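Topology and contacts: notes
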Amino acid sequence: AAAQVAEPLRLHIGGKEMKQGWKILNIQPGPDVDFVGDCTDLSRFADGSVDELYASHVLEHVGYRSALPRTLAAFHRVLKPRGTAMISVPDFEILCRLFLDARATELDRFHVMRMAFGGQSDAHDFHCVGLTYEFLSRYLFEAGFSRVERVKEFSLFHDSSAIEFLGEKISLNVVAHK
């Protein structure tokens, strides 16, 4: 008998949108959520069991002192050798520039403030850290990732990674290589 080849495990952390070949882990249950749980605890996944990981507008919701380093170390642990983590977060540097942009109205500045601190529509919609390429890269390297590259977009899901405001993309999109 031929050996059974396991399906690649692609994990969409914080996702809601079903997509062929991806499993969803979300802190809140939903119709297409495969695993309900917190991104800071990936203990249900074995070391080196995940081929690809995608997290869009998730990491800013965890505290930068201990939760963020713990989360990124877990991302690194569960990824297979040469696995990648595709990460999108609000780019704090861009948000600061937009907040100070002379074209911004009071309502625009309020909207930028919400992008920085979270929409606060529920208990999970609060932001705990402002990340820049410099900050996020440092956290990723400290978690064990070997290379971090900035990318324009992922075009995988319809999510916040492609948001534009006042004509500028507000997300920092990176691919971190194990």
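Relevant structure appears above.
In this report, we go over the structure that sits alongside the text. (Residues numbered from 1 in each chain as written. Predicted model: local features only at pLDDT ≥ 70, side-chain atom pairs only at ≥ 80, totals over all residues. Heavy atoms only, no water.)

Section: the side chain of S161
Topologically, S161 is positioned in the loop between strand 6 (147-150) and strand 7 (164-165). Taking the relative accessible area as the measure of exposure, S161 reaches 4% and is therefore buried. A polar contact of 2.6 Å, which involves the side chain of S161, links it to the side chain of D159. S161 has contacts with Y54, S56, H57, S88, F154, S171 and N173, leaving out every residue within four places of it along the chain. (Helix = DSSP H or I, 4+ residues; strand = E, 2+ residues; numbered from the N terminus. Buried < 20%, exposed > 50% of the residue type's maximum accessible area, 1.4 Å probe, protein only. Polar contact = N/O pair within 3.5 Å; in protein donor to acceptor, adjacent residues only side chain to side chain. Contact = heavy atoms within 4.5 Å.)

Topic: the pattern of salt bridges
Oppositely charged side chains can pair when the atoms bearing their charge come close. Inspection of every chain in the model, using the stated rule, returns 10 salt bridges. D47 is the partner of R77 in a salt bridge, and the nearest nitrogen-oxygen pair spans 2.6 Å. Of this pair, R77 sits in helix 1 (residues 67-78) while D47 sits in the loop between strand 3 (35-36) and strand 4 (50-56); the two residues are 30 residues apart in sequence, bridging distant segments of the chain. Take R77: its relative accessible area is 29%, and that puts it in the partly exposed class. Put simply, R147 and E149 hold a salt bridge, and the shortest N to O gap is 3.5 Å. (Salt bridge = Lys/Arg side-chain N within 4 Å of Asp/Glu carboxyl O.)

Some words on the state of the cysteines
Within the structure shown, the criterion is met by zero disulfides. Left unpaired, C39 is separated from the closest cysteine sulfur, that of C128, by 10 Å. On the basis of relative accessible area, C39 is assigned to the buried category, the value being 10%. (Disulfide = S-S within 2.5 Å.)

Let's talk about the sheet that holds strand 1 (residues 10-13)
One open sheet accounts for seven strands, arranged 3-2-1-4-5-9-6; its pairing is mixed. Looking at the sheet topology across the chains shown, the edges are occupied by strand 3 and strand 6. Docked against the sheet, helix 4 (residues 133-142) engages strand 5 (79-90), strand 6 and strand 9 (171-177), running at close to 155° with respect to strand 6. (Pairing = 2+ DSSP bridges. Axes fitted to C-alpha atoms, helices over the stretch in contact; angles between N-to-C directions.)

Topic: the layout of surface pockets
Gaps left between atoms are located by rolling a probe of water-molecule size over the structure's atoms. The computed volume of the largest pocket comes to approximately 940 Å³. Lining of the largest pocket is provided by 38 residues; of these, K16, S56, H57, H61 and D125 occupy positions nearest its centre. Taken together, the elements giving at least two residues each to the lining of the largest pocket come down to strand 1, strand 2 (22-26) and helix 3 (106-117). It is helix 3 that contributes the most residues to the lining of the largest pocket, three residues altogether. Partitioned by chemical class, the residues of the lining of the largest pocket number 13 nonpolar, 17 polar and eight charged. (1 Å grid on protein atoms, 1.4 Å probe; cavity = no way out; pocket = protein on both sides within 12 Å on 5 of 7 lines; lining within 4 Å. Points joined across faces, edges and corners; volume = space filled by probe spheres on them. Nonpolar A, V, L, I, M, F, W, Y, C, P; charged D, E, K, R; others polar.)

A few points about the nonpolar core
Core analysis: the largest hydrophobic core is formed by 34 residues, its most contacted members being I13, L59, L72, F75, I87, L136 and L140. Those elements giving two or more residues to this core turn out to be strand 1, strand 4, helix 1, strand 5, helix 4 and strand 9. Considering each element in turn, this core owes the most residues, six residues, to helix 1. Once you skip the residues sitting within four places of it in the chain, L136 turns out to touch L59, I87, V89, L131, L172 and V174. (Core = buried A, V, L, I, M, F, W, Y, C linked by side-chain atoms within 4.5 Å.)

Here we look at the pairing of strand 5
With nine of 12 residues buried, strand 5 is to be regarded as a mostly interior element. Pairing geometry for strand 4 and strand 5, over six bridges, is parallel. The residue bridging Y54 from the neighbouring strand is M86, located in strand 5. Handedness of the crossover joining strand 4 and strand 5 through helix 1 is recorded here as right-handed. (Right-handed = clockwise from strand over helix to strand, strands pointing away.)

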